[in-house]
Amino acid sequence: MTIFTPRVFSGMQPTGNLHLGNYLGAMLNWVKMQETNDCIYCVVDMHAITMWQEPKALRQATRDVTAAYIACGLDPKRSIIFNQSQVQEHAELAWIFNCVARLGWLNRMTQFKDKAGKDKEQASVGLYAYPNLMAADILAYKATHVPVGEDQKQHLELARDIAQKFNIDFAESIADNGFGDAFFPLTEPMITGTATRVMSLRDGTKKMSKSDPSDLSRINLMDSADDIAKKIRKAKTDMDALPSEVAGLKGRPEADNLVNIFAALNGETKEQVLAQFGGGQFSGLKNALADLAVAKLSPIVGEITRLQGDSSHVDAILADGSNRARAIAAPILRDVRKIVGFIGS
Ligand code: TRP
């Protein structure tokens, strides 16, 4: 059996502002993974244009997300940080995967149904084929592990299906060209647990999201200290006091969310948070949470602001990351072309 070198790949779209959910749910985990793995972190600008983006805003958002990656602790020396469109291998492999994936598979993707809404005829073809590009992102590097949120699990499964079908459809050619019995790995999703799932401040049953029309529902990384305090103060709660035990949070999604956010920001368990705030009113927890969030986010905001003032530095990081990414993807695509039967060197 072919053994694949462990490699982590993940990505985020440069649309809208990053928020506390991205930070606690994804970034902190990505930062930790750098210590023990070879990691590639991508700003997926090609995914962003599956819905029309104003070009200037796209450029700005790409730089902003890159700045946020770095400000949150991703290290551009240790990991590869780049934007997708600078490495053409993604687009090329996506085309080949368009020819491997089946319509029936894509028709099952719930995210397309959600994003396309009622008028599917008006959705871009790119939005429909989005998961094939995502599979190409991952497999252009033969990545073995992909940290993602629960909402991306179905896309990851599709990437595995594509890898498996490619390995089977081209089995003979893969063997003939000396690549053993499997060319692509079946990538493992690393689903971020509910412990780091941050919910909307207005509705504890919905994920905190950049597309929620109410800005009060989320804490953006770039929010001022006043805004953070205001949003937490206004966060929806219920009428009861806080419970002293975690079991008491059951059926109280808003209370659970605030306790969870406090715990995640402070590196504690929910038990520890409730040991301190259980039995008290929400106002006590909210005041402490506002102070904590401001304290944790202000150095990040400072660093993002600094990087926003130095776009040539950010662009240089993306250029360097793209070169290093291409050095991995180019030979893999050369092999893919050979396996598929394309002539060329
Ligand atoms: N679809 C992912 C999201 O919206 C972003 C993404 C694109 C991604 N390509 C990826 C995530 C590859 C992990 C691996 O969150």
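Note that the coordinates shown come from a computational prediction; the quantities given were computed from them, not determined experimentally.

### Quick word on the site of the ligand
Then comes step 1: Residues in close proximity to the ligand total 13 residues, the closest being His47, Tyr130, Met134, Asp137 and Gln152.
Then comes step 2: One of the side-chain nitrogen or oxygen atoms of Asp137 is found 2.7 Å away from a nitrogen atom of the ligand.
Then comes step 3: With the chains in place, 89% of the 370 Å² that the ligand exposes on its own is no longer accessible.
Then comes step 4: Elements with a contribution of two residues or more to the shell around the ligand: strand E1 (8–12), helix H7 (125–139) and strand E4 (145–148).
Then comes step 5: Residues belonging to the shell around the ligand are distributed by class as follows: seven nonpolar, five polar and one charged.

### Here's the deal with a positive patch on the surface
Then comes step 1: A cluster of basic side chains, namely Arg202, Lys230, Arg233 and Lys234, defines a positive patch on the protein surface.
Then comes step 2: Relative to the helices and strands, Lys230 resides in helix H10 (residues 225–234).

### Describing the nonpolar core
Then comes step 1: One finds Leu20, Tyr23, Tyr69, Leu221 and Leu265 to be the most contacted residues of the largest nonpolar core, which totals 56 residues.
Then comes step 2: Element by element, the count of residues in this core is highest for helix H13 (residues 282–308), at ten residues.
Then comes step 3: If we skip the residues at most four places from it in the chain, Tyr23 touches Leu28, Cys72, Leu221, Leu265, Leu297 and Ile300.
Then comes step 4: Grouped together as the second largest cluster of nonpolar side chains are 48 residues, Met109, Val146, Ile332 and Leu333 included.

### Some thoughts on the packing of H10 against H13
Then comes step 1: Between H10 and H13, whose axes approach to 9 Å, the crossing angle comes to 150 degrees. H13 is crossed by H10, and the crossing has right-handed handedness. Of the residues in H13, those in contact with Ala225, Ile228, Ala229, Ile232, Arg233 and Lys234 of H10 are Lys286, Leu289, Ala290, Ala293, Val294 and Leu297.
Then comes step 2: Here the contact of H10 with H13 is built from residues that sort into nine nonpolar, no polar and three charged.

### Notes on the environment of Gly126
Then comes step 1: Mapped onto the elements, Gly126 comes out in helix H7.
Then comes step 2: Taking the relative accessible area as the measure of exposure, Gly126 reaches 33% and is therefore partly exposed.
Then comes step 3: Gly126 sits 79 residues away from His47 along the chain, and the two C-alpha atoms are 8.1 Å apart.

### Brief notes about the side chain of Asn257
Then comes step 1: The topology assignment puts Asn257 in helix H11 (residues 253–266).
Then comes step 2: Of the residues examined, Asn257 reaches a relative accessible area of 4% and is grouped as buried.
Then comes step 3: With sequence-adjacent residues up to four places away left out, Asn257 is seen in contact with Arg197, Val198, Met199, Ser200 and Leu201.

### Here we look at the packing of aromatic side chains
Then comes step 1: Per the counting criterion, the structure on display carries twelve aromatic pairs.
Then comes step 2: Ring geometry for Phe166 and Phe170: centres 4.8 Å apart, planes at 45 degrees, overall tilted.
Then comes step 3: Among the aromatic residues, those joined into a cluster by ring pairs are Phe97, Phe166, Phe170, Phe179, Phe183 and Phe184.
Then comes step 4: Over the ring of Phe183 we find Lys142, and its NZ or CZ is 3.8 Å from the ring centre.

### What to know about the pattern of salt bridges
Then comes step 1: With the rule as written, the count across this model stands at 14 salt bridges.
Then comes step 2: Glu303 is the partner of Arg306 in a salt bridge, and the nearest nitrogen-oxygen pair spans 3.0 Å. Remark: Glu303 and Arg306 occur in helix H13; sequence separation between them is three residues, near one turn of the helix.
Then comes step 3: With relative accessibility at 47%, the residue Arg306 sits in the partly exposed group.
Then comes step 4: Residue class for Glu303 comes out partly exposed when judged on its relative accessible area of 24%.
Then comes step 5: Across the pair Arg324 and Asp320 runs a salt bridge whose closest N-O atoms are separated by 3.0 Å. Of this pair, Arg324 and Asp320 both sit in helix H14 (residues 311–340), four residues apart, which is roughly one turn of that helix.
Then comes step 6: For Arg324, a relative accessible area of 25% puts it in the partly exposed group.
Then comes step 7: Classification of Asp320 by relative accessible area gives partly exposed; the value is 37%.
Then comes step 8: Three or more residues joined by partner-sharing salt bridges are found here, namely Asp215, Arg218, Asp223 and Lys231.

Conventions used here
Residues numbered from 1 in each chain as written. Predicted model: local features only at pLDDT ≥ 70, side-chain atom pairs only at ≥ 80, totals over all residues. Heavy atoms only, no water. Near = heavy atom within 4 Å. Polar contact = N/O pair within 3.5 Å; in protein donor to acceptor, adjacent residues only side chain to side chain. Areas by Shrake-Rupley, 256 points an atom, 1.4 Å probe, with all protein chains shown as cover. Helix = DSSP H or I, 4+ residues; strand = E, 2+ residues; numbered from the N terminus. Nonpolar A, V, L, I, M, F, W, Y, C, P; charged D, E, K, R; others polar. Patch = residues over 30% accessible without salt bridge, like charges linked within 9 Å, V, L, I, M, F, W, Y side chains within 5 Å. Salt bridge = Lys/Arg side-chain N within 4 Å of Asp/Glu carboxyl O. Lys, Arg positive; Asp, Glu negative; His and termini not counted. Charge placed at Lys NZ, Arg CZ, Asp CG, Glu CD. Core = buried A, V, L, I, M, F, W, Y, C linked by side-chain atoms within 4.5 Å. Buried < 20%, exposed > 50% of the residue type's maximum accessible area, 1.4 Å probe, protein only. Contact = heavy atoms within 4.5 Å. Axes fitted to C-alpha atoms, helices over the stretch in contact; angles between N-to-C directions. Left-handed = near helix turned anticlockwise from the far one by under 90°. Phe/Tyr/Trp six-rings, centres within 6.5 Å; stacked < 30°, edge-to-face > 60°. Lys NZ or Arg CZ within 6 Å of the ring centre and 35° of its normal.

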